[in-house]
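# Structural description and commentary
Here are the chains, one letter per residue:
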Amino acid sequence: MKNKTNKNCSIQHALYLKKLKRNKIAVHAAQLGILVIFFGLWELFAQLEIIDPFIFSSPSRAASTIASLAQAGTLFYHIGITLMETITGFAVAVVAGYIIAVLLWLNDSVRKVFEPYIVVLNALPKIALGPLIIIWMGTGYTAIIFMTILVSIIVCIMNMLAGFVSVDKTKLLLMRSMGAGKFTLLTKLVIPASLPAFMNTLKVAVGLAWIGSIMGEYIVSRAGLGYLIVYGGQVFKLDLVMAATIILCLLAGGMYAAVAAVEKIIIKKRS
């Protein structure tokens with residue numbers, strides 16, 4: 001009887017896993033289908049001149065522009081510049097934001113003092129600081145990286161601090177009753193328990209880092225994908241604008257996918 005029950009459980013489990021796999025394939029197929037339909041309709045409407053191909057461009061014209069940039073040897077140069085600015089700003093913002101969040105969690109009084117200022121800084125339109133950043137940092141890559149950090153770091157601090165503060169109070173009280181100090185609480189309970197918050201912070205920071213780097217290139221740049229978009233708009237080369245935008249979407253999606261892959265590996269190891 002016991003063997004029969006185990007066999008039934010194994011069959012049900014196998015069916016459940018098979019269903020999950022089918023659902024996953026269906027989701028990916030739907031995502032790909034939406035993308036194909038979008039680009040297919042865009043190309044069709046442009047060819048039939050339902051939309052003005054000069055203003056809206058088309059996938060084929062954008063692809064031709066990307067090929068021309070690659071042939072000229074400038075495509076990967078501009079991609080490399082934007083990637084360098086984005087990844088550098090992303091890394092600095094995440095590390096610095098995490099450290100600041102830890103310091104604020106360690107001291108409740110300091111956290112209460114600085115929380116309103118953090119909220120105000122988060123609400124501040126960073127683009128308004130553009131002229132000041134140019135004066136402070138010059139017109140090189142440093143200014144763009146600084147803008148990327150500025151856009152990302154406050155959200156990193158707030159998300160991580162919220163993750164630290166939301167740790168189970170009962171567990172904290174239990175460890176305190178056993179004589180655990182702040183550092184022990186932090187390393188043994190708070191940091192491990194806030195890992196999901198950290199992964200969510202990384203996902204949010206990816207998008208913000210791209211926003212910051214492109215925003216910085218809009219203000220001051222001589223190279224990069226943001227520069228191509230601004231230049232294309234100024235001289236009405238809208239195929240160039242669309243081509244650079246498509247590349248940006250692919251790069252941002254790839255960076256997000258990398259973070260999601262790291263999250264899966266960490267979750268797998270923890271389980």
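Residues numbered from 1 in each chain as written. Predicted model: local features only at pLDDT ≥ 70, side-chain atom pairs only at ≥ 80, totals over all residues. Heavy atoms only, no water.

## Focus: the overall build of the protein
- Scanning the protein from N- to C-terminus turns up 12 helices and 0 strands.
- Counting helices and strands in the order they occur from the N terminus, the protein gives α-α-α-α-α-α-α-α-α-α-α-α.
- Here the C-alpha atoms of the protein give a radius of gyration of 24 Å, more than 25% beyond the 18 Å that 2.2 N^0.38 yields for 271 residues.
- Reported as C-alpha extents along the three principal axes, the dimensions of the protein are approximately 70 × 65 × 30 Å.
- Among the 271 residues that make up the protein, the fraction classed as buried is 35%.
- Taking as baseline every contact in the protein between residues at least 6 positions apart, the subset at least 24 positions apart corresponds to 73%.
- Counting 24 positive and 10 negative side-chain charges, the protein places the centres of these two groups 21 Å from one another. (Helix = DSSP H or I, 4+ residues; strand = E, 2+ residues; numbered from the N terminus. Rg over C-alpha atoms; globule rule 2.2 N^0.38 Å. Buried < 20%, exposed > 50% of the residue type's maximum accessible area, 1.4 Å probe, protein only. Contact = heavy atoms within 4.5 Å. Lys, Arg positive; Asp, Glu negative; His and termini not counted. Charge placed at Lys NZ, Arg CZ, Asp CG, Glu CD.)

## Topic: the side chain of His78
- Within the secondary structure, His78 is located in helix α4 (residues 75-106).
- Setting aside anything within four residues of it in sequence, one finds His78 in contact with Ala223, Gly224, Leu225, Tyr227 and Leu228.

## Some remarks on the pattern of salt bridges
- Scanning all chains against the criterion turns up 4 salt bridges.
- The partner of Asp239 in a salt bridge is Arg61, with the nearest N and O atoms 3.1 Å apart. Taken together, the positions of Asp239 in helix α12 (residues 238-270) and Arg61 in helix α3 (residues 59-72) put the pair 178 residues apart, joining distant regions of the chain.
- For Asp239, a relative accessible area of 17% gives the class buried.
- The partner of Asp108 in a salt bridge is Arg111, and the shortest N-O contact between them spans 3.5 Å. A residue pair is termed a helical-turn pair when its members lie 3 or 4 positions apart in one helix, as Asp108 and Arg111 do in helix α5 (residues 108-123) at 3 residues.
- Assessed through its relative accessible area of 37%, Asp108 is described here as partly exposed.
- Each of the salt bridges in this network shares a partner with another, and the network as a whole consists of Asp108, Arg111 and Glu115. (Salt bridge = Lys/Arg side-chain N within 4 Å of Asp/Glu carboxyl O.)

## Details of a nonpolar patch on the surface
- Together, Ile37, Leu41, Leu44, Phe45, Leu48 and Ile50 give the surface a local cluster of nonpolar side chains, amounting to about 570 Å² of exposed area.
- When you line up the elements, Leu48 lands in the loop between α1 (2-47) and α2 (53-56). (Patch = residues over 30% accessible without salt bridge, like charges linked within 9 Å, V, L, I, M, F, W, Y side chains within 5 Å. Areas by Shrake-Rupley, 256 points an atom, 1.4 Å probe, with all protein chains shown as cover.)

## Here we look at the nonpolar core
- Ranked by size, the top nonpolar core spans 24 residues in total, and within it Phe90, Val94, Leu202, Val206, Leu225, Leu228 and Leu248 carry the most contacts.
- Only α4, α10 (195-219), α11 (225-234) and α12 provide two or more residues apiece to this core.
- For this core, the leading source of residues is α12, giving 8 residues.
- Filtering out sequence-adjacent residues up to four positions away, Leu202 remains in contact with Phe90, Val94 and Val259.
- Among the nonpolar cores identified, the runner-up in size contains 22 residues, and Leu104, Trp105, Ile118 and Ile149 belong to it. (Core = buried A, V, L, I, M, F, W, Y, C linked by side-chain atoms within 4.5 Å.)

## Focus: unusual backbone geometry
- Although it is not a glycine, Ser57 sits at a positive phi angle of roughly 60°.
- Assessed through its relative accessible area of 0%, Ser57 is described here as buried.
- Notably, Phe236 is not glycine yet its phi reads approximately 60°, a positive angle.
- The residue Phe236 is located in the loop between α11 and α12 in this model.
- On the accessibility criterion, Phe236 (55% relative accessible area) is exposed.

## Observations regarding the confidence of the model for the protein
- Per-residue pLDDT for the protein averages 85, and the proportion of residues at 70 or more is 94%.
- No element of the protein has a lower mean pLDDT than α1, which averages 78, and none a higher one than α4, which averages 91. (pLDDT = per-residue confidence, 0-100.)

## Side note on the packing of α4 against α10
- With their axes 8 Å apart at the nearest point, α4 and α10 run at an angle of 135° to one another. In terms of axis orientation, α4 runs oblique to α10. Viewed along their axes, α4 and α10 form a crossing whose handedness is right-handed. Taking contact as the criterion, the partners of Ile81, Thr82, Leu83, Glu85, Thr86, Phe90, Val94 and Tyr98 in α4 are, on α10, Phe198, Leu202, Ala205, Val206, Ala209, Trp210, Ser213, Ile214 and Glu217. (Axes fitted to C-alpha atoms, helices over the stretch in contact; angles between N-to-C directions. Parallel < 35°, antiparallel > 145°, perpendicular 65-115°, else oblique. Left-handed = near helix turned anticlockwise from the far one by under 90°.)

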